[in-house]
Structures are given as structure tokens and as C-alpha cells.
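# Architecture at a glance
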Amino acid sequence: MPWVISFAISWLVFFALADRRRYMPLLVGGLAAVIVQLLTDNIGHYLNLYRVSDPVLPILYSSAFFTFGPVFTMGALFGQYLPSLRWLQGLHIIAFSGLFLLEEHMFMLAGVLAYTHWDHFASLLVNTLVFAGLAWLVESQRVGWGSPG
């Protein structure tokens, strides 16, 4: 049930904050976040780093409600609200990494996520790297995919 609740809350926040007229950063950030999350959870499962319980609707060792709820919406909002100034982008990355870690911790408290060979520091590091990569991807899309130099 925590997966479904987080899905519903994520989409409520998304509809409240997203500027759906500027859909490209939403799609780039959201879809890239989904791809990275599915790959990460697949690797995490095979390396026995953490365990997902009661996924409700499983998708590659994760919950589809998590993947297409919090992950997609956070990635989309991250992409849409990415600032232009580099130092603000750094703060943006730190803020979203921390929020994602907080969400992960709440899943642990709810009993649907358990670390086996993992910890919060490792998760924060991976979150930061993922959001830095998303920032690069969204910034690349913003300035033009194929524009020179």
C-alpha cells in the first residue's frame, strides 16, 4: 500500500507544480529517471544490496507504482525546474538527492524496502550522481541536442 500512496501523492504534486506547456524537460527528466531507476534496482537486486517487498505491481525487481509515480514525477519536475546558473544547479541536485533519500527512508520505515548490503550514505551518493547526470541531460536538451560547441 505505501507504493500506491506514494504514487497518488506524487501525481498530485506533479499536477500542482508542472508546467505542462513546457513538456520536453518533463519528458526528458521523467523518462531518464525511470530508465536509471529500473537499471539501478535491477543491479541492486542481483548484487543483493537491498530488497523491495510487496511491490503490488512488480517491474524489474521494483514497484511500477514507484517507478511511474515518485521516480517519473520527481525526474520530470527536476528537469523542468533545473536552474540555468551552475551553482543553483548544484543546490538543485543536492535538494532533490536529499528528498529522494528521505522518500527512500520512509519506504524503509513502512517496511517495503530493506537494506541488506547498502546504507544511506551509498544511496545519497548514487542519488547525487543520478541527479547530476539528469542535470547534464536536461541542460543538453535545453541548449539543443545537436547544436555545435
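In this report, we go over the structure that sits alongside the text. Bear in mind that the values here come from a model prediction, so they are computed numbers and not experimental data.

Cut-offs used in this document
- Residues numbered from 1 in each chain as written.
- Predicted model: local features only at pLDDT ≥ 70, side-chain atom pairs only at ≥ 80, totals over all residues.
- Heavy atoms only, no water.
- Helix = DSSP H or I, 4+ residues; strand = E, 2+ residues; numbered from the N terminus.
- Buried < 20%, exposed > 50% of the residue type's maximum accessible area, 1.4 Å probe, protein only.
- Salt bridge = Lys/Arg side-chain N within 4 Å of Asp/Glu carboxyl O.
- Expected span 1.5 Å × (residues − 1).
- Arc of directions from axis to C-beta.
- Contact = heavy atoms within 4.5 Å.
- Axes fitted to C-alpha atoms, helices over the stretch in contact; angles between N-to-C directions.
- Parallel < 35°, antiparallel > 145°, perpendicular 65-115°, else oblique.
- Left-handed = near helix turned anticlockwise from the far one by under 90°.
- Nonpolar A, V, L, I, M, F, W, Y, C, P; charged D, E, K, R; others polar.
- Core = buried A, V, L, I, M, F, W, Y, C linked by side-chain atoms within 4.5 Å.

### Side note on unusual backbone geometry
Non-glycine residue leucine 60 carries a positive phi angle of around 45°. In this fold, leucine 60 is placed in the loop between strand E2 (58-59) and strand E3 (62-63). For leucine 60, a relative accessible area of 46% translates into the label partly exposed.

### Considerations on the pattern of salt bridges
Scanning the model with the defined rule gives one salt bridge in all. A salt bridge links arginine 21 to aspartate 19, with the nearest nitrogen and oxygen atoms 3.0 Å apart.

### Some words on helix H1 (residues 2-17)
With 16 residues, H1 ought to run about 22 Å at 1.5 Å a step, and its terminal C-alpha atoms sit 22 Å apart, in line with that. Of all the positions in H1, only Trp3, Ser6, Ser10 and Phe14 are classed as buried. Down the axis of H1, the smallest arc covering the buried residues is 70°, so these residues share one side. In H1, those exposed residues whose orientation departs by more than 90 degrees from the buried face are Leu12 and Ala16. Considering only its buried residues, H1 is in contact with helix H2 (23-46), strand E1 (50-52), E3, helix H3 (64-80) and helix H4 (86-110).

### Section: the packing of H2 against H3
At a minimum axis distance of 7 Å, the contact between H2 and H3 shows a crossing angle of 135°. What the angle tells us is that H2 and H3 run oblique. The way H2 lies across H3 gives a crossing that is right-handed. Within the contact between the two elements, H2 uses Pro25, Leu26, Gly29, Gly30, Leu31, Ala33, Val34, Gln37, Leu38 and Asp41 and H3 uses Phe66, Thr67, Phe68, Val71, Phe72, Gly75, Ala76, Leu77, Gly79 and Gln80. Here the residues of the contact of H2 with H3 sort into twelve nonpolar, seven polar and one charged.

### Quick word on the nonpolar core
Formed by 31 residues in total, the largest nonpolar core has its most connected members in Phe78 and Phe131. Elements with a contribution of two residues or more to this core: H1, H2, H3, H4, strand E4 (113-115) and helix H5 (120-143). Considering each element in turn, this core owes the most residues, seven residues, to H3. If sequence neighbours within four positions are ignored, phenylalanine 131 has contacts with Phe78, Ile93, Phe96, Ser97 and Phe100.

### Examining the packing of H1 against H3
The contact between H1 and H3 brings their axes to 8 Å, and the two run at 25°. The angle between H1 and H3 places the two elements in the roughly parallel class. Judged by the sense of rotation from one axis to the other, the crossing of H1 with H3 is left-handed. Here Trp3, Val4, Ser6, Phe7, Ser10, Trp11, Val13, Phe14 and Leu17 of H1 come into contact with H3, specifically with Phe65, Phe66, Phe68, Gly69, Pro70, Phe72, Thr73, Ala76, Leu77 and Gln80. For the contact of H1 with H3, the residue count by class is 14 nonpolar, five polar and no charged.

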